[in-house]
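Below, each chain spelled out in residue letters.
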Amino acid sequence: MAKMNLLQAINNALDIAMAKNDKVYSFGEDTGSFGGVFRATSGLTEKYGRHRNFNTPLVEQGILGFANGLASQGSYAIAEIQFGDYIFPAFDQIVNESAKFRYRSGNEFNVGGLTIRTPYGGGIAGGHYHSQSPEAYFAHTPGLKIVMPRNPYMAKGLLLSAIFDPNPVLFMEPKRLYRASTGEVPEEEYTLELGKADVVREGKDLTIVAWGAQVEMAEKAAEKAAEDGIDCEVIDLVSLLPWDIDTVAESVMKTGRLVVTQEAPLTNGFASEVAATIQDKCFLYLESPIARVCGLDTPYPLSHEKEYFVDHLKVYEAIKASMTY
Amino acid sequence: MAQDKQHQLEIVTQPNFLDGSALQIPMLQILKEDGTVHKDAKVPDIDKDLALKMFDTMQFIRILDERMIAAQRQGRISFYLSSLGEEAASIGSAAALDDGDMIMGQYREQGALAYRGFTVEQFMNQLFSNERDLGKGRQMPVHYGCAELNFMTIASPLATQIPQATGYAFGQKMDKSGKCTICYFGEGAASEGDFHAALNMAAVYKVPAIFFCRNNGYAISTPSQGEQYAGDGIAPRGVAYGMKTIRVDGNDIFAVYQATQLARKLAVEENEPVLIEGMSYRMAGHSTSDDPTGYRTRDEEDAWRAKDPLARFQTYLIKKKWLTEKEAEENFAEKKAAVLAALKDAEKIPVPHIDELINDVYDTPTKQLKEQLEELKAHIRKYPEAYPKTASRLDGGDK
């Protein structure tokens, strides 16, 4: 075991994947010898050469088009999009190409070797264009897998799974936690199952569902609620597509109450999908309405970031409202 | 090419704007419109067998396109895209490649696929979306694909295959495969961002890719000149991206063949990507959904009919005594009968089993997908008359 931050865990996973298989390639804007704007790919060019880890021209649609082609050729293509906010020029390549490659060809071809890495989320004074959480756009697309880790241990194991998973995976990294989140991480290779939620805190009174960086807010809110004698269960969804309905439904059948929290705006976010599914599966078990604690339906603000941010206090208030409904 | 080493440029003291006139890109032509060879041109080294294979494929595609447009008008298939008038571009280029080279097409390259050996039955199975279609009946007609023949499945979104070709060719280079990728697209698709991304990245990474632009004059109804672009077509863009570039007469199968053969050598031996602009004309509508009389004149079409690539090649072959008029006619009739027979067979074959609806979304269907399929089957069982193609055979799909 070694103490790593989230960036180091990701760098370590990339290193292991590239050492393991010669056909693993890592690329993106400034990701070559510079190591990426967050340094996630640092050291990889020195170790594996400039043909294995390299810079791309500044063109996201080209990065994903290139990555799809490389993956369809049988390589493992790990494409970094510098910020999730800049993924949209590549939307067509992801939604119409990566996601449909296997299906539309009748399994003649696939891009299973594709992994898209991108930092997402707020809390870093990034304003509109360095703070968004765009997962819901992609979660509406059959054929993609979407994974959002919450800490270094999860990030390494999930990224290694994502790289070698036979399906295209969108791997969204919580940039607020890149350096803030540290923990013990095994130095050797290990994988964590995609599509499986993780119960990070057991409880009997109320279930909180979150993913990525927002799990931290859910845990803090649960601690605060515990001081009031409220025993919360916290579930990290880990994967949004496919998502682990059973684990959430089992928990809600036990607790009877659900709070779903996300950084992204409220309307049409993934929290809505969780709420709709759980009311369908657990209708007769519910003691109170399912609450969604989310960002406002505004572009991500700058000077009002603190107010906008879905912090533990907002989650805590939702817990209390649910308990006293 | 690539003179700007961190702006180490020649200094001038007077302003001088460039207008492109310094770069005049001519068009390679070997076979004249009348089927004779230019005096100073060299016919590529093509033996009789190869020449006749190219001719046969052109003839087959001409028949297939004509028959399937008719079949669409009769309501037997939903949609069709013809390559009428552009057969030399796809077939001449495919003939210059190795069978192991990857072909990534747009949707008007049925000629290249036929040249690789896709059978008339395989064409029909795709066109009728039946259970023998390699694509499992999931895409509209003409979206062919075949891994065995190294022909990437066609997708409707325009130009997406161009950066993919760059990526595929990068993998071929890294594998030291000795193979290349050819990527076809139209001059309209070359306006898409993906085109620019692809060519720039291919030139930067020096990948073994051949970008073949079929400049056929129209993007649905939009004419290329003045409405699709204001410059000198597509070829100058290759030069601007630092790529070897050539413009050829796309209706001259020898010019297409020779350019592609040389491009392949550059790609595979020197990792030089190449842009080829083949000048041609889309004799048919864009698809069966539009009528060209609404946006162009009969005179314009007639002028291009005189440049027909098939007639031109046939004239050459007859003069060369590799083919007689009679043989050409007999071959035509024989292929037409085969197309008609395959069409009749394919339309009788049922659609894929309903279980195929959820396969290949992922490598294996998710739990949610299986549940959704079971719900759907229960619904079909309740209203079988509403779903006649699948209701009678809901069970036993998993083989």
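Residues numbered from 1 in each chain as written. Chains lettered and ligands numbered in written order. Predicted model: local features only at pLDDT ≥ 70, side-chain atom pairs only at ≥ 80, totals over all residues.

All names here are of chain A. Within the secondary structure layout, V238 lies in the loop between β11 (232-236) and β12 (239-241). Note on V238: 26 C-beta atoms within 10 Å, which makes it buried. The spatial distance from the C-alpha of V238 to the C-alpha of M148 is 5.5 Å, given a sequence separation of 90 residues. (Helix = DSSP H or I, 4+ residues; strand = E, 2+ residues; numbered from the N terminus. Buried ≥ 20, exposed ≤ 12 C-beta atoms within 10 Å, placed from the backbone.)

In this section: the interface of chain A and chain B. Accessible area lost on assembly of the parts is the figure often given for the size of an interface. Contact with chain A, which involves 34 residues of that partner, is made by 37 residues of chain B. Breaking the side of chain A that touches chain B down by element, the ones donating at least two residues are α3 (60-72), α4 (91-97) and α5 (101-104) of chain A. Counting residues per element, the side of chain A that touches chain B draws most heavily on α3 of chain A, at nine residues. Of the residues that constitute the side of chain A that touches chain B, the class distribution is ten nonpolar, 19 polar and five charged. (Contact = placed C-beta atoms within 7 Å. Nonpolar A, V, L, I, M, F, W, Y, C, P; charged D, E, K, R; others polar.)

Take the sheet that holds strand β14 (residues 291-295) of chain A next. Residues and elements named next belong to chain A. Pairing is mixed across the open sheet formed by five strands, whose spatial order is β9-β11-β10-β13-β14. The sheet terminates laterally at β9 (198-201) and β14, the two strands that pair on one side only. Between one strand and the next, the sheet's axes are offset by a mean angle of 25°, whatever the strand orientation. Relative to β14, strand β13 (residues 258-265) runs parallel, the two sharing four bridges. (Pairing = 2+ DSSP bridges. Axes fitted to C-alpha atoms, helices over the stretch in contact; angles between N-to-C directions.)

The next subject is the domain arrangement of chain B. The assigned domain composition of chain B is domain 1 (48-346) and domain 2 (354-391). Domain 1 of chain B and domain 2 of chain B are separated by 36 Å when their C-alpha centres are compared. (Domains from an automatic or database assignment.)

Now for helix α10 (residues 270-282) of chain A. Residues and elements named next belong to chain A. Along its 13 residues, α10 runs 18 Å from first to last C-alpha, staying within 8% of the 18 Å computed at 1.5 Å per residue. Buried residues of α10: F270, A271, V274, I278 and C282, and no others. End-on, the buried residues of α10 take up no more than an arc of 100°, which puts them together on one face. Residues A276 and D280 are exposed on α10 and point more than 90 degrees away from its buried face. Packed against the buried residues of α10 are α6 (135-139), β10 (206-210), β12, α9 (245-255), β13 and β14. (Expected span 1.5 Å × (residues − 1). Arc of directions from axis to C-beta.)

Take the UniProt feature "domain: Transketolase-like pyrimidine-binding" (unreviewed entry) in chain A next. Following the UniProt record, the feature "domain: Transketolase-like pyrimidine-binding" (unreviewed entry) maps to residues 4-180 of chain A here. Between the C-alpha atoms that bound residues 4-180 of chain A there is a distance of 10 Å. The span itself is 35% helix and 18% strand. (UniProt positions renumbered as here; feature names shortened; annotations may be inferred.)

This paragraph deals with the packing of α9 of chain A against α10 of chain A. Residue and element names in this part refer to chain A. Running from amino to carboxyl end, α9 crosses α10 at an angle of 60°, the nearest separation of the two axes being 10 Å. Taken together, the axes of α9 and α10 are oblique relative to one another. Crossing angle aside, the handedness with which α9 passes α10 is right-handed. Contacts between α9 and α10 pair I245, V248, A249, V252 and M253 from the former with V274, T277, I278, K281 and C282 from the latter. Residues belonging to the contact of α9 with α10 are distributed by class as follows: eight nonpolar, one polar and one charged. (Parallel < 35°, antiparallel > 145°, perpendicular 65-115°, else oblique. Left-handed = near helix turned anticlockwise from the far one by under 90°.)

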